[in-house]
Protein chains: 2
Amino acid sequence: MAASLMKTIGAGVLRAEHAGDTVTLAGWVARRRDHGGVIFIDLRDASGIVQVVLNPEDSPASEEVLHGLRSEYCVQVIGTVRPRPDGTSNEDLPTGDLEVVGELLNVLSPSAPLPFQIDERVDVDESKRLEFRYLDMRRTRMAENLKARSKAIGAMRRVMDRDGFLEVETPTLIASTPEGARDMLVPSRLRPGNFYALPQSPQLFKQLLMIGGVERYYQVAKCYRDEDFRADRQIEFTQLDFEGSFWGQDDVLEVLERIVSEVVMELRGETVEIPLRKMTYAEAMDRFGTDKPDLRFGMEIANLSEVFSDTEFKAFAGVLGADGGVWGINGGKLSLSRSGLDGLVSRAQDLGAKGLVWMVVEEDGTLRSPVAKFLSDEELEGIKTVLCAGTGDTLLIAADDVRVVGKVLGQLRLDIGQPDGNDELAFAFVVDFPVFDVAEDGSLSPAHHPFTNPGDVDVLVNSPEKAVSKAYDLVLNGSELGSGSVRIHDPDVQAKVFEVMGISAQDAESRFGWFLEALRYGTPPHAGFAIGIDRFVSILRDEPNIREIIPFPKTQTGADPLTGSPSRVDEEQLSELGIDIRPEVRARWVEEEDRADGEGAVET
Amino acid sequence: MAASLMKTIGAGVLRAEHAGDTVTLAGWVARRRDHGGVIFIDLRDASGIVQVVLNPEDSPASEEVLHGLRSEYCVQVIGTVRPRPDGTSNEDLPTGDLEVVGELLNVLSPSAPLPFQIDERVDVDESKRLEFRYLDMRRTRMAENLKARSKAIGAMRRVMDRDGFLEVETPTLIASTPEGARDMLVPSRLRPGNFYALPQSPQLFKQLLMIGGVERYYQVAKCYRDEDFRADRQIEFTQLDFEGSFWGQDDVLEVLERIVSEVVMELRGETVEIPLRKMTYAEAMDRFGTDKPDLRFGMEIANLSEVFSDTEFKAFAGVLGADGGVWGINGGKLSLSRSGLDGLVSRAQDLGAKGLVWMVVEEDGTLRSPVAKFLSDEELEGIKTVLCAGTGDTLLIAADDVRVVGKVLGQLRLDIGQPDGNDELAFAFVVDFPVFDVAEDGSLSPAHHPFTNPGDVDVLVNSPEKAVSKAYDLVLNGSELGSGSVRIHDPDVQAKVFEVMGISAQDAESRFGWFLEALRYGTPPHAGFAIGIDRFVSILRDEPNIREIIPFPKTQTGADPLTGSPSRVDEEQLSELGIDIRPEVRARWVEEEDRADGEGAVET
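Remember, it's a predicted structure, so these values are computed and weren't measured experimentally.

*Asks:* What exactly am I supposed to notice about the overall build of chain A here?
*Replies:* Regarding its fold elements, chain A presents 17 helices and 23 strands. Along the first, second and third principal axes, the C-alpha set of chain A runs to 95 × 75 × 65 Å. The buried share of chain A, reckoned over its 604 residues, is 46%. Put simply, of all contacts in chain A between residues at least 6 apart along the chain, 67% involve residues at least 24 apart.

Here is the structure:
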């Protein structure tokens, strides 16, 4: 950081070699101690902390000023660096061998009493932290998270630059997109009654850039999605968005490997093993019951249907068929009590299973289980073999439709086996996604946006439920970091996909006719990806939710406790935009106000 | 650019050293010529153009395919690089010494007939270019502009990184800000009837970051302003936004000098002379009649009031006083006809002058002018001396209120003297802006946002019209590139400024009480700046307007001819947001539709 007149060096960068130097520091009073009239300050700034010693007798600063110093006063100190006296070093601080003897102290700004202490060890309610985010940021955790985010984005840009990508800004006031229902809208003042939409992603614009001959595009793009806030979503979020022409899937995955390596090295100093693991969607669902498998541990789902092909146990026999069967996982040495095991059963039921069979391998090799008595010896042996069961292992078995079992055992696997935190990083690509998600009732819904290359068009048309698209995800420790696909570059294929997806030609034309027009002018084959930066950095920083690495996030109700957004606005402004609040909403306001008034009346 | 299976090298990077190499190219057919059955293609991709020779007899591609090739077909060519035969080099192309003998040609995508030719020499209507922006981008001008924009932003980031700035993303769904009336609004779905605003700048958030201890912040920030589109504005625009703590004005200006140097070197390979020129607002107004002087030429405004202190010429004598006087510029050797000179007079009147006196210095040193006969010899000599008039020079003199004269002569100076284009770059800082703009009727309006440090608070309170704030602009060739200021960090000063600006304490509290609260917790002194990237790059690229360097701009009516935004949206969507279109707007729609129907009826 360049020096300024007001501050010649950062507190945290001082080292033994600076001993004897006169320095001008500026920062905040992290701690103040008074030892027999001599004041010790822990002075904190963006670079770290250093101890400052102020003796009212040696310093022109008046005793009154020094004794008036409080936490988080913003101060400037001119002083001399010296080694700390023997035996007083602080090994927890990089500057712990030295201190600054202050000769002059200026209070640049006093601080009001704090709503919470700026101290890692103090637990503060999140809504309080968000309301005073600027104070929360002075704490090491948030300060380090902001730095990590900046560094991660810097690392991504380096890869993009090295690979010859052009950074292009796509517009954020756009026309409503295919997934229009969740678009956030912006009323236009120049054309009252008309609206822009905020982008859910730069998808169509980056495809236009490919049509425009850009060949390599990237952008750190702000995107918007107006949906109910799930635990770990924000209405505005940031993604690294990139696209390349004359590219297939492997070209994208190689770029991703470079990005992942660079970011992990930057943030954690670790080397990522390349190539990353790659598995098909079908394999991920089979083995882990999910398309975002956590590969840090085994406990894979194994198919036991063969073992029970002739079973007389009705609960199992009844499900065997085209989409049904028996599957199990080996939960390892869980040593659960009977009630612990029952807890797993009810968890499975909550997840949609009709039931769950547990078995524990006894010392003598027998399987203890409520259903053991209904199973043949061959079946019991078969279970042990398929699940590689050893003494003390707990086996969990479910029999149902494949989708239900996958969901249930996949989640139980995580409940039981998923490591705390993210010390280990297990990346993987999941490829060959289906074109359609098949619901339990057999109905089809598109698994990706309709610009995804559907692979074999004949299969798509004749057996859409079997069609495999050129779509791929990047997964880390059980979370989806991002997704991408090879895109459709042939307008005839695009028309066919719309048709199969049930989007009429007329509908397609009215919703994105302009894009279909663009496809007609020599569109290159192209492919791309988008990585969610918030999620990626939060995992690397081992934070439990993305709000921790967003400087000013919204709460789960979409509110900002700091600024009070969203809020009501001027009537005049609405009038200029040609819009009005609906009467039923206004009526609710009146009710709320009446109620508030009523409450007030009771209090007085 | 990394190679891919589909394309091993860029067309434009081929050089003599590649002779003999087998290459796989992919790009677009820029031109196709047929010479006795042999086809010559100019193959264009993001890296440039190379000539490809295809002989149907040697190539497995069928004659039909080759002869079917049309402009902008997207093709892949596998072939061998060879030097061109003697005498057939094309010196206009970096690849002009060689050609690629195609052995295989794949048409990746055909192109429909083009709405306009992809050719620099063809002039295309801007609305057509915007409607087919993806084709416009294939033209060298736009392709180079996009690259320049990406490079300029890259250069800015390099400076920020070197100087230890943290890249921080501030939210774009915020609460309505001080300049609220122009905020673009986003209705909230979770809180129907409530609105977010899009930021006009990250001003308050970057100040919060300073309070949060970030010390060095930057962001390439998308900002929004919903105002009538002037010639060179967009509702969404991009700025490099930065802020530093423990900073004064000079710290900001030094960073700006590094940014400007890096960007100009990157885009034009030129060194910028540092330090940049610096002048006060008062000096700029005096000498150039504007706060964004074009310093590429002299022709400064000179004060002639002294010359006329005892004049008997009533038009001049009448204006001499506190705010009035006589000023002139030397327009140089304009050689204008009488009607040309009269044109300047009416231009001056259009600009608000009561009149304009012109004088031409004759061979014999006398001044030819309609008013010469009313002036004394001393006055005529005085004019010549003050304006350094030489033979053939045209002098322009105006007598009026200082503000009027400044505006008139400042603009005439530009009309007459401003160079075409931007071959020369004249940067300058303008500093010491007044806190208030004083209108001709003497009324005061804040010249900057209310968080600008007002300098001496006593002056502010007692003589607000004289108060000079710590605000500064960066100017290039007569355009304002950006502005910044030292901010207020003392809540008492902030309150005082609100008061003087006529913002009541209650109003201030309701509009940004959360920010006033933040100021109370040890706010560091801080200062910052924002550079308009669109404007800066457009000047460096010598483009007449910022739309030329924005990938997908809006027209002057805020519309996007490509996607059709803004547009009407679903009634259901509006209902979910708790808003409705006003009846009068709907009524207008019905009228428009009736009219359209009526027109249709006449046509049938």
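*Asks:* Would you mind going over unusual backbone geometry with me for this structure?
*Replies:* One can expect most non-glycine residues to show negative phi and most peptide bonds to be in trans. Omega for the peptide link from I274 of chain A to P275 of chain A comes to -5 degrees, which places this bond in the cis form. Its location among the elements puts P275 of chain A in the loop between α6 (249-268) and β11 (277-280). The phi torsion at D542 of chain B lies on the positive side, around 55 degrees, for a residue other than glycine. Position of D542 of chain B relative to the elements: it lies in the loop between α15 (533-540) and α16 (571-577). On the basis of neighbour count, D542 of chain B is assigned to the exposed category, with 12 C-beta atoms found within 10 Å.

*Asks:* When you look at the pairing of strand β17 (residues 427-431) of chain B in this model, what are you seeing that I'm missing?
*Replies:* The side chains of a regular strand alternate between both faces of the sheet. All names here are of chain B. Pairing between strand β11 (residues 277-280) and β17: 4 bridges, direction parallel. The partner of T280 across the bridge, within β17, is V431. Bridge count between β17 and strand β20 (residues 471-476): 5 bridges; the pairing is antiparallel. What sits directly across from A428, in β20, is V475.

*Asks:* Sorry, what's going on with the confidence of the model for chain A here?
*Replies:* Low pLDDT means the predicted coordinates in that region are not meant to be read closely. Residue and element names in this part refer to chain A. Averaged over chain A, the pLDDT score is 93; the fraction of residues at 70 or greater is 97%. Taken together, the stretch residues 600-604 has pLDDT below 50 and engages in 0 contacts with residues farther than four places along the chain or on a different chain. If you check the scores for this complex, the pTM reads 0.94 and the ipTM reads 0.94.

*Asks:* How do you make sense of helix α15 (residues 533-540) of chain A when you look at a structure like this?
*Replies:* Helical periodicity: at 3.6 residues per turn, an α-helix aligns residues three or four positions apart in one direction. Residues and elements named next belong to chain A. Counting buried residues in α15 gives 7 out of 8 residues, a clear majority hidden from the surface. When we look at burial in α15, the residues that qualify are I533, D534, R535, F536, V537, S538 and L540. Those residues of α15 hidden inside the fold are in contact with α4 (140-162), β10 (236-245), α6, β21 (479-486) and β22 (526-532). One or two residues past the end of α15 sits D542, with phi positive at roughly 55 degrees.

*Asks:* Would you explain the nonpolar core in this entry?
*Replies:* If you look at the biggest cluster of nonpolar residues, it comprises 301 residues, and the most contacted ones within it are V186 and A398 of chain A together with V186 and A398 of chain B. If we skip the residues at most four places from it in the chain, V186 of chain B touches M184, L185, V186 and L198 of chain A together with L173, F195, Y196 and L198 of chain B.

*Asks:* What should I look at first to understand the domain arrangement of chain A in this one?
*Replies:* In many analyses, interface size is given as the accessible surface area lost on bringing the parts together. Taken domain by domain, chain A comprises domain 1 (11-109), domain 2 (143-278 + 432-549), domain 3 (298-417) and domain 4 (571-603). For domain 1 of chain A versus domain 3 of chain A, the separation of C-alpha centres amounts to 64 Å.

*Asks:* Would you take a moment to explain the sheet that holds strand β1 (residues 22-35) of chain B for this structure?
*Replies:* The pairing of strands in a sheet happens through backbone hydrogen bonds and is either parallel or antiparallel. Residue and element names in this part refer to chain B. Spatial strand order, β1-β2-β3-β5-β4: 5 strands in a closed barrel with mixed pairing. Neighbour to neighbour, the strand axes of the sheet diverge by 55 degrees on average, direction disregarded. Here 10 bridges tie strand β4 (residues 74-83) to strand β5 (residues 98-109), and the two strands are oriented antiparallel to one another. Bridge assignment links I78 to a residue of β5, and that residue is L104.

*Asks:* Looking at this structure, I do not really get the packing of α4 of chain A against α15 of chain A. What am I missing?
*Replies:* A pair of packed helices is captured by two measures, namely the crossing angle of their axes and the spacing between those axes. Residues and elements named next belong to chain A. Contact geometry for α4 and α15: axes closest at 10 Å, N-to-C directions at 120 degrees. Put simply, α4 runs oblique to α15. The handedness of the crossing between α4 and α15 comes out as right-handed. Only I533, F536 and V537 of α15 make contact with α4, whose side of the interface consists of A148, R149, A152 and I153. Here the contact of α4 with α15 is built from residues that sort into 6 nonpolar, no polar and 1 charged.

*Asks:* Is there a simple way to explain the relation of the copies chain A and chain B in this structure?
*Replies:* Between the two chain copies there is a screw-like relation: a rotation about an axis and a shift along it. After a rotation of 180 degrees and a shift along the axis of 0.0 Å, chain A superposes on chain B with an RMSD of 0.1 Å. Within this description, the copies of the chain are treated as partners about a two-fold rotation axis. Residue by residue, 100% of the interface of chain A is reproduced at the interface of chain B, so both copies engage with the same surface.

*Asks:* How do you make sense of the interface of chain A and chain B when you look at a structure like this?
*Replies:* Listed per partner, the contact involves 107 residues of chain A and 107 residues of chain B. In terms of residue count, α4 of chain A provides more of the side of chain A that touches chain B than any other element does, 7 residues in total. Considering only residue class, the side of chain A that touches chain B consists of 57 nonpolar, 27 polar and 23 charged. Inspection of the sheet shows strand β23 (residues 579-581) of chain A paired to strand β23 (residues 579-581) of chain B by 3 bridges, in the antiparallel sense. Across the sheet, the residue bridging to I579 of chain A is I581 of chain B, located in β23 of chain B.

*Asks:* So what exactly am I meant to see when it comes to the sheet that holds β17 of chain B here?
*Replies:* Residue and element names in this part refer to chain B. What the 8 strands build is an open sheet, ordered β6-β9-β10-β22-β21-β20-β17-β11; its pairing is mixed. The open sheet has two free edges, formed respectively by β6 (166-167) and β11, since each of these has just one partner strand. Note: strand β9 (residues 216-224) against strand β10 (residues 236-245), 9 bridges, orientation antiparallel. Counterpart to C223 in the pairing with β10 is F237. Where helix α5 (residues 203-211) meets the sheet, its contacts fall on β9, β10 and β22 (526-532), and the angle it forms with β10 comes to roughly 25 degrees. Across the face of the sheet, helix α6 (residues 249-268) comes into contact with β10, β17, β20, β21 (479-486) and β22 while running at roughly 30 degrees to β22.

*Asks:* I keep staring at the environment of V23 of chain A and nothing clicks. Help me out?
*Replies:* All names here are of chain A. Note on placement: V23 falls in strand β1 (residues 22-35). Residue classification places V23 among the partly exposed positions, given that 19 C-beta atoms sit within 10 Å. Residues V23 and A11, 12 residues apart in the sequence, show an inter-C-alpha distance of 9.5 Å. V23 has contacts with T8, I9, G79, V81 and V100, leaving out every residue within four places of it along the chain.

*Asks:* Sorry if this is basic, but what is going on with helix α11 (residues 402-417) of chain B here?
*Replies:* Residue and element names in this part refer to chain B. Spanning 16 residues, α11 covers 21 Å between terminal C-alpha atoms, matching the ideal 22 Å at 1.5 Å per step. Among the residues of α11, those classed as buried are V404, V405, G406, K407, V408, L409, G410, L412 and R413. Where α11 is buried, its residues touch α7 (281-288), β13 (324-330), α9 (338-350) and β16 (394-401).

*Asks:* Just to check I follow, could you spell out the pairing of strand β20 (residues 471-476) of chain A for this structure?
*Replies:* All names here are of chain A. Among the 6 residues of β20, 6 are classified as buried, and the element is accordingly described as predominantly covered. Judged by which residues are buried, β20 turns out to be covered on both faces: A471, D473 and V475 on one side and Y472, L474 and L476 on the other are all buried. When β20 meets β21, the two strands line up antiparallel, connected through 6 bridges. Counted as the bridge partner of D473 is S483 from β21. What sits between the antiparallel neighbours β20 and β21 is a turn of 2 residues, in which N477 has the positive phi angle 50 degrees.

*Asks:* How do you make sense of the environment of E99 of chain B when you look at a structure like this?
*Replies:* Examined against the element boundaries, E99 of chain B turns out to sit in strand β5. When sequence neighbours within four positions are dropped, the list of residues in contact with E99 of chain B reads Q51, V52, V53, R82 and R84 of chain B.

Calculation notes
Residues numbered from 1 in each chain as written. Chains lettered and ligands numbered in written order. Predicted model: local features only at pLDDT ≥ 70, side-chain atom pairs only at ≥ 80, totals over all residues. Helix = DSSP H or I, 4+ residues; strand = E, 2+ residues; numbered from the N terminus. Buried ≥ 20, exposed ≤ 12 C-beta atoms within 10 Å, placed from the backbone. Contact = placed C-beta atoms within 7 Å. Pairing = 2+ DSSP bridges. pLDDT = per-residue confidence, 0-100. Core = buried A, V, L, I, M, F, W, Y, C linked by C-beta atoms within 7 Å. Domains from an automatic or database assignment. Axes fitted to C-alpha atoms, helices over the stretch in contact; angles between N-to-C directions. Parallel < 35°, antiparallel > 145°, perpendicular 65-115°, else oblique. Left-handed = near helix turned anticlockwise from the far one by under 90°. Nonpolar A, V, L, I, M, F, W, Y, C, P; charged D, E, K, R; others polar. Least-squares fit on C-alpha atoms with pLDDT ≥ 70 in both. Expected span 1.5 Å × (residues − 1).

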